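Listed below are the residues making up each chain.
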Amino acid sequence: MSQKTDTSLPTRLRPSPNHNERPEGCRIDTLILHYTGMTSAEAAIRRLCDPRAEVSAHYLVEEDGALHQLVPEARRAWHAGVSFWQGARDINDRSIGIEIVNPGHEFGYRAFPGAQIEVVVQLCLDICRRHGIRAERVLAHSDVAPARKEDPGELFPWDALARAGVGLWLEPEPISGGRFFQEGDSGQPVEALQSMLALFGYEVEIDGVYDTQTRLAVTAFQRHFRPERVDGVADMSTITTLHRLLQNRPAPG
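Bear in mind that the values here come from a model prediction, so they are computed numbers and not experimental data.

**Q** Can you help me understand the nonpolar core in this one?
**A** The nonpolar side chains of a soluble globular protein tend to be buried with one another. Of all hydrophobic cores here, the largest spans 56 residues; its most connected members are Leu 31, Leu 33, Ile 98, Phe 156, Phe 200 and Tyr 202. Sorting elements by how many residues they give to this core places helix H2 (residues 114–131) first, with eight residues. Discounting chain neighbours no more than four positions away, the residues touching Phe 156 are Leu 33, Ile 100, Tyr 109, Phe 112, Ile 117, Val 120 and Leu 161. Ranked by size, the runner-up nonpolar core spans nine residues in total, among them Ala 41, Leu 48, Leu 70 and Ala 77.

**Q** Got a minute to help me understand the pattern of salt bridges in this structure?
**A** Two side chains that carry opposite charge are able to pair once their charged atoms sit near each other. Counted under the stated rule, the structure contains 19 salt bridges. We note a salt bridge from Asp 159 to Arg 163, for which the minimum N-O separation is 3.7 Å. A residue pair is termed a helical-turn pair when its members lie 3 or 4 positions apart in one helix, as Asp 159 and Arg 163 do in helix H4 (residues 158–163) at four residues. By relative accessible area, which is 25% here, Asp 159 ends up partly exposed. Residue Glu 173 pairs with Arg 244 through a salt bridge whose shortest N-O separation is 3.3 Å. In this pair, Glu 173 sits in the loop between H4 and helix H5 (188–200) while Arg 244 sits in helix H7 (residues 236–248), placing the two residues 71 residues apart along the sequence. On the accessibility criterion, Glu 173 (29% relative accessible area) is partly exposed. Overlapping salt bridges bring together Glu 73, Asp 126, Arg 129 and Arg 130 as one network.

Reading the values: the criteria
Residues numbered from 1 in each chain as written. Predicted model: local features only at pLDDT ≥ 70, side-chain atom pairs only at ≥ 80, totals over all residues. Heavy atoms only, no water. Core = buried A, V, L, I, M, F, W, Y, C linked by side-chain atoms within 4.5 Å. Buried < 20%, exposed > 50% of the residue type's maximum accessible area, 1.4 Å probe, protein only. Helix = DSSP H or I, 4+ residues; strand = E, 2+ residues; numbered from the N terminus. Contact = heavy atoms within 4.5 Å. Salt bridge = Lys/Arg side-chain N within 4 Å of Asp/Glu carboxyl O.

Quick look at the structure:
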């Protein structure tokens, strides 16, 4: 008997054994985008389907736009790992994961082809519509695991996705001079920055000390929302962009 895919988009089934039940009563409310970070699409699919690897995702999109479903959406795929967002841990419980084929920072990171992004957009729109996933909960792997992950990285076109109706985005504040904060700094302005990062969703201690955890959260924010310069330094461009995003984020429904 042939299995059906969850999406109506043209999709190839490549079943992975790496999944388990979602916790009872846990609603799917988050979409996590990854890059594969491997030398080829087939190598990535083999790993995501290898029971010894203990990793998987619901979908994989090749550079030419070919779409594969590896895990049914109703099942808990193993894609986010140790993760946190807006007070919740283990984001696998409540999320759908899409792997986007790209060599990543280790194997020659490059721009994502238009054909690939077109399918990613259509898949995201479909998933978000069916599950009622809000724009601010379409996230990068690096957002929910900033100490471990960089994907899908600063070359991923979040602005193009937002123009198509996927995810939260606004034009970043231009980079200019002015005051900035970096690792080792402390004081009330750092505490205010940490409060904004935590309100947005990142895991940070609000203690007024610009520590490694704060730098990693700032780096993840820049990689997603201010990709022109990703350095972990909270300059005025970064702080203003974060503040504007918080102001423009839809109220919880």
